[in-house]
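Residues per chain are reported as follows:
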Amino acid sequence: MKPFEYAIPETLQETFDFLAAPQSELKAGGIDLIDLMKEGLAQPRRLVNIRGLQELHFVKGDAATGLRLGPNLTLAEVAGHAALRESYRALAQAADAAATPQIRHVATLGGNLCQRPRCWYFRSSAFPCARKGGDQCYAVDGENQYHAIFGNDSGCVIVHPSATAVALMALGARLKIASAKAERELAIDAFFVSPETDITRENVLKPEEVITEVMLPPAARGFTSFYFKQKEKQAFDWPIAEVAVALTLAGGVCKDAKVVLGAAAPIPWRVPRAEALLKNQPISVKLAKQAAQEALKDANPLSENAYKVPVFKAAIYRTICRAAGIDPFA
Ligand SMILES: Cc1cc2nc3c(=O)[nH]c(=O)nc-3n(C[C@H](O)[C@H](O)[C@H](O)COP(=O)(O)OP(=O)(O)OC[C@H]3O[C@@H](n4cnc5c(N)ncnc54)[C@H](O)[C@@H]3O)c2cc1C
Ligand code: SF4
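Q: I would appreciate a short explanation of the packing of aromatic side chains in the present structure.
A: Here a ring pair, both rings aromatic, is described through the centre-centre distance and the interplanar angle of the planes. Under the criterion given, the structure shown has six aromatic pairs. Look at Tyr121 and Phe127: their rings are 5.0 Å apart centre to centre, the planes differ by 80°, and that puts the pair in the edge-to-face class. The exposure class of Tyr121 is buried, given its relative accessible area of 11%. By relative accessible area, which is 28% here, Phe127 ends up partly exposed. An aromatic cluster of three or more residues is present, and its members are Tyr121, Phe127 and Tyr138. Over the face of the ring belonging to Phe58 we find Lys60, whose NZ or CZ atom lies 4.3 Å from the ring centre. Between Lys289 and the ring centre of Tyr317, over which it is positioned, the NZ or CZ distance is 4.9 Å.

Q: What should I look at first to understand the site of ligand 1 in this one?
A: Near ligand 1 lie 32 residues; those nearest to it are Leu26, Ala28, Gly29, Gly30 and Thr108. Taking Leu33, its main chain carries an N or O atom lying 2.8 Å from an oxygen atom of ligand 1. One of the side-chain N or O atoms of Lys229 is found 2.8 Å from an oxygen atom in ligand 1. When isolated, ligand 1 has an accessible area of 990 Å², and the protein chains bury 92% of it. Secondary structure elements with two or more residues in the shell around ligand 1: β2 (24-27), α2 (31-38), α7 (109-114) and β8 (210-215). With four residues, the single largest contributor to the shell around ligand 1 is α7. For the shell around ligand 1, the class distribution of residues is 19 nonpolar, eight polar and five charged.

Q: Before we go on, may I ask you to explain the nonpolar core in this structure?
A: If you look at soluble globular proteins, the nonpolar side chains tend to sit buried side by side. Counting 41 residues, the largest nonpolar core has Leu84, Leu91, Leu168, Ile188 and Leu216 as the members making the most contacts within it. Of all the secondary-structure elements, those providing two or more residues to this core are β5 (66-69), α3 (75-80), α5 (89-97), α7, α9 (163-170), β6 (174-178), β8 and β10 (241-250). At seven residues, α9 tops the list of elements feeding residues into this core. No fewer than three residues from each of domain 2 (54-114 + 159-215) and domain 3 (223-324) sit in this core. Here Ile188 is in contact with Leu113, Leu168, Met169, Ala173, Arg174 and Leu175, once residues within four sequence places are set aside.

Q: Quick question: what am I supposed to make of the packing of α5 against α9 here?
A: In a pair of packed helices, the angle between the axes and the distance between the axes together describe the arrangement. For the pair α5 and α9, the least separation of the axes is 8 Å and the interaxial angle reads 175°. Classified by the angle between their axes, α5 and α9 sit roughly antiparallel to one another. Contacts between α5 and α9 involve Ala90, Leu91, Ala94 and Ala95 on the former and, on the latter, Ala163, Thr164, Ala167 and Leu168.

Q: Can you walk me through α5 in this structure?
A: Because an α-helix completes one turn every 3.6 residues, residues spaced three or four positions apart along the sequence face the same direction. The complete set of buried residues in α5 reads Ala90, Leu91, Ala92, Ala94 and Ala95. Along its buried surface, α5 packs onto β5, α3, α4 (82-87), α6 (101-104), α9 and β9 (223-230). Ala99 occupies a position one or two residues after α5 and carries a positive phi of about 55°.

Q: It is not clear to me how the sheet that holds β2 should be interpreted in this structure. Could you clarify?
A: Pairing between sheet strands relies on hydrogen bonds along the backbone, with the strands arranged either parallel or antiparallel. Taken together, the three strands give an open sheet; going across it, the order is β1-β3-β2, and neighbouring strands pair in parallel fashion. Of all strands in the sheet, those with a lone pairing partner are β1 (5-7) and β2, marking the two edges. Across the sheet, the axes of successive neighbouring strands diverge by a mean angle of 25°, strand direction being ignored. Both β2 and strand β3 (residues 46-49) contribute to a ladder of four bridges, which runs parallel. Residue pairing for β3: Glu25 is matched across the bridge by Leu47. The sheet contacts of α2 involve β2 and β3, and relative to β2 the element is tilted by about 135°.

Q: Help me understand the site of ligand 2, please; the structure alone is not making it clear to me.
A: Around ligand 2, the structure places 13 residues, and the nearest of them are Cys119, Cys129, Cys137, Cys156 and Val157. Residue classes in the shell around ligand 2 are distributed as 11 nonpolar, one polar and one charged.

Q: Sorry if this is basic, but what is going on with the domain arrangement of the protein here?
A: When the parts of a complex come together, some accessible area is lost, and that lost area is often taken as the interface size. Assigned domains within the protein: domain 1 (1-52), domain 2 (54-114 + 159-215) and domain 3 (223-324). Just the C-alpha atoms count here: the centres of domain 2 and domain 3 sit 21 Å apart. Each partner contributes to the interface: domain 2 provides 27 residues, whereas domain 3 provides 27 residues. Summed over both partners, the interface of domain 2 with domain 3 buries about 2,000 Å², with 67% contributed by carbon and sulfur atoms. Taken together, domain 2 and domain 3 are joined by one salt bridge. Between domain 2 and domain 3 we count six residue pairs in polar contact (both at pLDDT 80 or more) in total. Elements represented by at least two residues in the side of domain 2 that touches domain 3 include exactly α5 and α9. For the side of domain 2 that touches domain 3, the element with the highest residue contribution is α9, accounting for six residues.

How each quantity is defined
- Residues numbered from 1 in each chain as written.
- Chains lettered and ligands numbered in written order.
- Predicted model: local features only at pLDDT ≥ 70, side-chain atom pairs only at ≥ 80, totals over all residues.
- Heavy atoms only, no water.
- Phe/Tyr/Trp six-rings, centres within 6.5 Å; stacked < 30°, edge-to-face > 60°.
- Buried < 20%, exposed > 50% of the residue type's maximum accessible area, 1.4 Å probe, protein only.
- Lys NZ or Arg CZ within 6 Å of the ring centre and 35° of its normal.
- Near = heavy atom within 4 Å.
- Polar contact = N/O pair within 3.5 Å; in protein donor to acceptor, adjacent residues only side chain to side chain.
- Areas by Shrake-Rupley, 256 points an atom, 1.4 Å probe, with all protein chains shown as cover.
- Helix = DSSP H or I, 4+ residues; strand = E, 2+ residues; numbered from the N terminus.
- Nonpolar A, V, L, I, M, F, W, Y, C, P; charged D, E, K, R; others polar.
- Core = buried A, V, L, I, M, F, W, Y, C linked by side-chain atoms within 4.5 Å.
- Domains from an automatic or database assignment.
- Contact = heavy atoms within 4.5 Å.
- Axes fitted to C-alpha atoms, helices over the stretch in contact; angles between N-to-C directions.
- Parallel < 35°, antiparallel > 145°, perpendicular 65-115°, else oblique.
- Pairing = 2+ DSSP bridges.
- Buried area = accessible area lost by both parts, 1.4 Å probe.
- Salt bridge = Lys/Arg side-chain N within 4 Å of Asp/Glu carboxyl O.

Structure representation (structure tokens):
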């Protein structure tokens, strides 16, 4: 690991001041960043540790007006928060399913959204791949069993690693992003960057910017959600498929639907074809299965990951059923 300066800001303003120096990087829980530094993949000259910054650690509002979450909440806090479990269930479930109990007590919501991909070629300094500025993707013709089945035709076939991103996209979240000079808000859909746009980055954050708030819209009457993660084994594991579904139901009829897939594509992947099929229909097991079929129509598996297609079909239909409160096995 290269030597670096270590700064501990006491306010958000001080954070911006520390970030102004070139090659400064934020550290929250440090679960991802310290790993990358050990491997030599991140080499900040200054580490700005915001882990203890209370200004970024809060839950404000309520389900009627919308909840506002500080990015410094740990995954364990998100998973255990009563209002989230009640009204934005998919997010609490996603946070609860990520990593291990020890990691969830340290890792933060902001860091989870901004973590870098888990592609094993990316994580090893031995492979100077396209995402690191090289000229080839080692996974596309290599070991790609955990890689993308959608959006994988632009030179990098990672899957986006963040569980909370999948849930937040289904829930229609927005992010507040600030720097010393400006503040902006954007829908979380606009936060993630596909390889087609820029192969070297996963999101639109500029080096001087900080996520300062994650905003959840009001949970209207009939709004319900569910998140499901399929792993290879029951004990801790990364997902081979994850699905978040948010529905607005009126008398059993679906008025609005969002279906988002994780471990599927380089960005959290919405499936509008499945959403369209659900809208203005009473949710049933049969309809959920049709939506799952529809969702996978555009899948384009790589040499080693065609197994993901049936796994996603099962995961999607079950998650739609669970969100709607019906038994997927009835
Ligand atoms: C064994 C293991 C299993 C895991 N399994 C899962 C899993 O199943 N699902 C899953 O989703 N994740 C999983 N993870 C990843 C883990 O959840 C993330 O690494 C963690 O959430 C990162 O959060 P952090 O606070 O430690 O971020 P850090 O490592 O501190 O930071 C990560 C990045 O986020 C940036 N950042 C942090 N906060 C902000 C902010 N407020 N504004 C702007 N940028 C910010 C940092 O600059 C850095 O670039 C796993 C990790 C491990 C080690
Ligand atoms: S999938 Fe992306 S990160 Fe992995 S080797 Fe290919 S270019 Fe690199």
